[in-house]
Amino acid sequence: MLVSEFDYDLPLERIAQEALTDRAASRMLHLNRQSDDPLSSWRDRSFRELPGLLRPDDLVVINNTRVFPARLYGRRSGECAQSVSAQNPAARDFLRGRVEVLLTRQLSEDPNEWECLVRPGRKIGVGEKLYFDGWAGGDRSSSERSENEPPQSEPAELEAEVTERGSFGERRIVFAPVRDFVARVERIGHVPLPPYIDREDSAADRDRYQTVYAQARGSVAAPTAGLHFTPEILEQIRGRGIEIAEITLHVGLGTFQPIHADRIEGYRLHTERYRITADNAARMTASRRLVAVGTTCVRTIESAIESAIE
């Protein structure tokens, strides 16, 4: 099967760049599979109508992962790069230009070692040191930062070294130990918006690009189907006697990395970490119908079933 078979035309003006203020006001397409009339089986609805469409014996499954500000802006040392020109006095400053890093997966319990995507990827080799400082504070957008801008003189908030080079901008980096690593990332990092949102992130995205039930920190992208829920809708669901089960799947690199192949067969996507407690697994096994909120819940449940069969 060709990857190109999944291409379809979606006009840019139809891709929302800002979320609705009212989460539950989003449109929802309802398919009634019990209807014999094809024309009446499809209905345009509002998401706030969801509680009334659920059955009393349903089990709603939600992904409680929490997005963290995984995009870091900084500068590179340039010490492992080849000079642009020996006669060019600005060459070294050019090689110390800005860099963008998207942290995609923590590699161990030690928070200092990560897999990531870097830009510009071709210029970042093994041994290169990266410095993340005031540029990440949100005072200027990435489009306003000059490639030729020299490094700042104040100490960097975070420092990392590239230890392994992969393809398509993938790197493994190790941060220099600091006491408050997570707090520093939270302070200077930016929310990694999906590729189809063509704008800089804003302070409001830290709250809006997060589900109201987010708990477990670890995703580089939000499980978007869950963004429409509000505390009121969750309360209405529970008020009808419908139970809610939580799973955790941390959305990773696969959300941002295109498929670099012509055919689907044989291509392996990046793995993601998930967790289902024994209690929630038992509840899902006993339920007559699972209502999985979004593809992250669907693939978590499918993977858990496959693992159990194996």
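Okay, so let's go over this structure. (Residues numbered from 1 in each chain as written. Predicted model: local features only at pLDDT ≥ 70, side-chain atom pairs only at ≥ 80, totals over all residues. Heavy atoms only, no water.)

Within this model, the second largest pocket holds a volume of roughly 740 Å³. In terms of lining, the second largest pocket is formed by 21 residues, of which the most central are His-30, Leu-31, Leu-50, Arg-289 and Val-291. At the level of elements, β1 (27-31), α1 (50-53) and β14 (289-292) are the ones that each hand at least two residues to the lining of the second largest pocket. Classifying every residue of the lining of the second largest pocket gives 13 nonpolar, 5 polar and 3 charged. (1 Å grid on protein atoms, 1.4 Å probe; cavity = no way out; pocket = protein on both sides within 12 Å on 5 of 7 lines; lining within 4 Å. Points joined across faces, edges and corners; volume = space filled by probe spheres on them. Helix = DSSP H or I, 4+ residues; strand = E, 2+ residues; numbered from the N terminus. Nonpolar A, V, L, I, M, F, W, Y, C, P; charged D, E, K, R; others polar.)

Counted by the stated rule, this structure contains 19 salt bridges. The shortest N-O distance in the salt bridge between Glu-186 and Arg-217 comes to 3.5 Å. Placement of Glu-186 in helix α3 (residues 181-188) and of Arg-217 in strand β11 (residues 216-219) is noted, with a sequence separation of 31 residues between them. On the accessibility criterion, Glu-186 (29% relative accessible area) is partly exposed. The class of Arg-217 is partly exposed, set by a relative accessible area of 30%. A salt bridge links Glu-272 to Arg-299; the shortest N-O distance between them is 2.9 Å. Residue Glu-272 is found in the loop between β12 (243-249) and β13 (274-275), and its partner Arg-299 is found in helix α7 (residues 295-309); the two are separated by 27 residues along the sequence. Overall, the relative accessible area of 24% leaves Glu-272 in the partly exposed class. Connected through shared salt-bridge partners, Arg-105, Glu-115, Glu-164 and Arg-172 make up one network. (Salt bridge = Lys/Arg side-chain N within 4 Å of Asp/Glu carboxyl O. Buried < 20%, exposed > 50% of the residue type's maximum accessible area, 1.4 Å probe, protein only.)

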